[in-house]
Amino acid sequence: MQLLGLKAKDLWSGKFAELKSKLEELEIQKCMHIEQHKWTALKEIPRVEALIFGAWNSLPECYSEGKKLAYGVLTIFGSIYSCDQAFSSMNIIKSKVRSQLTNKNLESCLKFKTASY
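Residues numbered from 1 in each chain as written. Predicted model: local features only at pLDDT ≥ 70, side-chain atom pairs only at ≥ 80, totals over all residues. Heavy atoms only, no water.

Peer 1: I would appreciate a short explanation of the overall build of the protein chain in the present structure.
Peer 2: In terms of regular secondary structure, the protein chain is built from 7 helices and 0 strands. For the protein chain, the succession of helices and strands along the chain, N to C, is α-α-α-α-α-α-α. Here the protein chain holds 117 residues, and the buried ones make up 21% of them. The long-range fraction of contacts in the protein chain, counting pairs at least 24 apart against all pairs at least 6 apart in sequence, stands at 52%. Put simply, the protein chain shows about 8,700 Å² of open surface, and 62% of that area lies on carbon and sulfur atoms. (Helix = DSSP H or I, 4+ residues; strand = E, 2+ residues; numbered from the N terminus. Buried < 20%, exposed > 50% of the residue type's maximum accessible area, 1.4 Å probe, protein only. Contact = heavy atoms within 4.5 Å. Areas by Shrake-Rupley, 256 points an atom, 1.4 Å probe, with all protein chains shown as cover.)

Below, the structure written as structure tokens:
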């Protein structure tokens, strides 16, 4: 019931439209840094998770049940996400072209790549 009331208010459209804009801007920044090979600048970009949780945290307390539901949905896939991200990164780093990459070097590349997220 709280979510229905929230959706009807300008609070919903304002908060989450702003969040959508911020997330889109972050992706543009990441792409620009990657394109320009500014790897250390990637570490300075705020984490997506922090922005999403920040948007939900900024809702008034009268929407506490909706917030609990959102937190549950947002955190349910946490461990699968990091595992999936690691395999995705590994496949990008160690491709057919770079098949001679040793496990030690691959591990170093993965540590750098995941640290930038």
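Peer 1: For this particular structure, what's the right way to read the nonpolar core?
Peer 2: Taken as a class, soluble globular proteins show a tendency for nonpolar side chains to be buried jointly. Residues Phe-16, Leu-19, Ile-52, Ala-55, Trp-56, Leu-59 and Ala-70 constitute the largest nonpolar core, which totals 7 residues. Broken down by secondary-structure element, the contributors of at least two residues to this core are α2 (10-35) and α4 (48-57). For this core, the element with the highest residue contribution is α4, accounting for 3 residues. (Core = buried A, V, L, I, M, F, W, Y, C linked by side-chain atoms within 4.5 Å.)

Peer 1: Before we go on, may I ask you to explain the packing of aromatic side chains in this structure?
Peer 2: A ring pair, where both rings are aromatic, is described by two values, the distance of the centres and the angle of the planes. Under the criterion given, the structure shown has 2 aromatic pairs. On the basis of an interplanar angle of 55 degrees and a centroid distance of 4.9 Å, the ring pair of Phe-16 and Trp-56 is categorised as tilted. Here Phe-16, found in helix α2, pairs with Trp-56, found in helix α4; they are 40 residues apart in sequence, far enough to count as distant. Accessibility assignment for this pair places Phe-16 and Trp-56 in one class, buried. (Phe/Tyr/Trp six-rings, centres within 6.5 Å; stacked < 30°, edge-to-face > 60°.)

Peer 1: I tried to follow the side chain of His-33 on my own but got confused; where do I start?
Peer 2: Residue position: His-33 is located in helix α2. A residue is classified by how much of its surface remains accessible, and His-33, at 19% relative accessible area, is buried. Those residues in contact with His-33 that sit more than four places away from it in its chain are Lys-38, Ala-41, Leu-42 and Ile-45.

Peer 1: Looking at this structure, how should I read α4?
Peer 2: Since the α-helix packs 3.6 residues into each turn, any two residues three or four apart lie on the same face. Every buried residue belonging to α4 is among Ile-52, Ala-55 and Trp-56, and all of these are buried. Along α4, the residues classed as buried sweep out an arc of 100 degrees about the axis, all on the same side. (Arc of directions from axis to C-beta.)

Peer 1: Where do I start with the confidence of the model for the protein chain in this structure?
Peer 2: Detailed reading of the predicted coordinates is not advisable wherever pLDDT is low. Within the protein chain, residue pLDDT values average 76, and 78% of them lie at 70 or more. α4 holds the highest mean pLDDT among the elements of the protein chain, 86, whereas helix α1 (residues 2-8) holds the lowest, 59. (pLDDT = per-residue confidence, 0-100.)

Peer 1: Could you clarify how one ought to interpret the pattern of salt bridges in this entry?
Peer 2: When the charged atoms of two side chains with opposite charge come close together, those side chains can pair. Within the structure shown, the criterion is met by 5 salt bridges. A salt bridge links Glu-65 to Lys-68, with the nearest nitrogen and oxygen atoms 3.5 Å apart. Of this pair, Glu-65 and Lys-68 both sit in helix α5 (residues 64-75), 3 residues apart, which is roughly one turn of the helix. Using a relative accessible area of 47% as the deciding quantity, one classes Glu-65 as partly exposed. (Salt bridge = Lys/Arg side-chain N within 4 Å of Asp/Glu carboxyl O.)

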